[in-house]
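Listed here are the chains, written in short residue letters.
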Amino acid sequence: MEQQKDIQLAVDLRTVVTRLIKILRKHSVTADKLSLTERSVIAALDLHKELLPNELATMEKITTQSMSQILANLQQRGLIKRRISETDKRKAIITLSETGSQMLYQVRTERNAWLNEAIEATCTTEEQELLKQAIGPLTKIVNFE
């Protein structure tokens, strides 16, 4: 019975986090212009600054051919830049362009604004404090391997 109770916590948490993510995705007009994988690639480039196409493909768990199509689309939109590696002329190094960086930050701003408004409109001061306290344990779960 105790294990079922523990599993129920996992089910409830997964359900609410999944729903929150779906709602957040809807609350960015800017993000609608890109696929989920394209947005993920832009976020990875923002985090890592520069990556090789095969590294991005591995991170996204897709083939290098699929990643090539995604990168071509992002480059056509001016969201990424490619440059040839100085140490290995066969390799292209991918970075986020200024336009790509601006788009990423616009998406984050839109989503943060909506989430902040939702928290303020629906949560009491005590509930907001509980949410702040939950950040630590949720971060531990996210970092669990």
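Predicted model, so just to flag it, every value in this text is computed and none were measured.

(A) Layout of the environment of Leu71. Along the chain, Leu71 turns up in helix H4 (residues 64-76). Expressed as a C-alpha distance, the spacing of Leu71 and Leu115, which sit 44 residues apart in the sequence, is 30 Å. When near neighbours in sequence (up to four residues on either side) are disregarded, Leu71 contacts Val41, Pro53, Leu56, Ile80, Arg82 and Ile94.

(B) Representation of the sheet that holds strand E3 (residues 92-96) in the model. With antiparallel pairing, the 3 strands of this open sheet are ordered in space as E1-E3-E2. Where the open sheet ends on each side, the last strands, each with one partner, are strand E1 (50-51) and strand E2 (80-84). Two elements, E2 and E3, share 5 bridges in a ladder whose sense is antiparallel. Along E3, the bridge assignment pairs Ile80 with Leu96.

(C) Examining the side chain of Glu38 more closely. With respect to the helices and strands, the residue Glu38 is situated in helix H2 (residues 36-48). Lacking a salt bridge, the buried Glu38 has Arg77 as its closest oppositely charged neighbour, with an N-O distance of 5.0 Å. The residues touching Glu38, leaving out its near neighbours within four places in the chain, are Ile70, Asn73 and Leu74.

(D) Representation of the packing of H2 against helix H3 (residues 53-60). Running from N to C, H2 and H3 point in directions that differ by 120 degrees, and their axes come no closer than 11 Å. By the angle class used here, H2 and H3 are oblique. For the pair H2 and H3, the sense of crossing is right-handed. Contacts between H2 and H3 pair Thr37, Ser40, Val41, Ala44, Leu45 and His48 from the former with Leu56, Met59 and Glu60 from the latter. Looking at the contact of H2 with H3 residue by residue, the classes come out as 5 nonpolar, 3 polar and 1 charged.

Analysis parameters
- All residue numbers here refer to positions counted from 1 along the written sequence of the relevant chain.
- With the structure being a predicted model, the display of local features is reserved for residues of pLDDT at least 70 and the display and counting of side-chain atom pairs for 80 or more, all residues being used for whole-chain, interface and lining totals.
- To obtain the side-chain values, all non-hydrogen atoms of the structure were used and water was disregarded.
- Helix and strand assignments come from DSSP, with helices taken as H or I runs of at least 4 residues and strands as E runs of at least 2, each series counted from the N terminus.
- The contact criterion used throughout is that any non-hydrogen atoms of two residues lie within 4.5 Å.
- Pairing between two strands requires that DSSP report at least two bridges joining them.
- Type-normalised accessible area, obtained with a 1.4 Å probe on protein chains alone, sets the label of each residue: buried when under 20%, exposed when over 50%, and partly exposed for intermediate values.
- In this count, Lys and Arg are taken as positive residues and Asp and Glu as negative ones, while His and the chain termini are left out.
- The salt bridge definition used is simple: a Lys or Arg side-chain nitrogen within 4 Å of an Asp or Glu carboxyl oxygen.
- Axes here refer to lines fitted to C-alpha atoms; in helices the fit is confined to the stretch in contact. Angles between the N-to-C directions go from 0 to 180 degrees.
- In what follows, roughly perpendicular refers to angles from 65 to 115 degrees, roughly parallel to angles under 35, roughly antiparallel to angles over 145, and oblique to any angle outside these ranges.
- The crossing is said to be left-handed when, going from far helix to near helix, the turn is anticlockwise and less than a right angle, and right-handed when the turn is clockwise.
- Under the scheme applied here, ten amino acids are nonpolar (Ala, Val, Leu, Ile, Met, Phe, Trp, Tyr, Cys and Pro), four are charged (Asp, Glu, Lys and Arg), and all others, including Gly, are polar.

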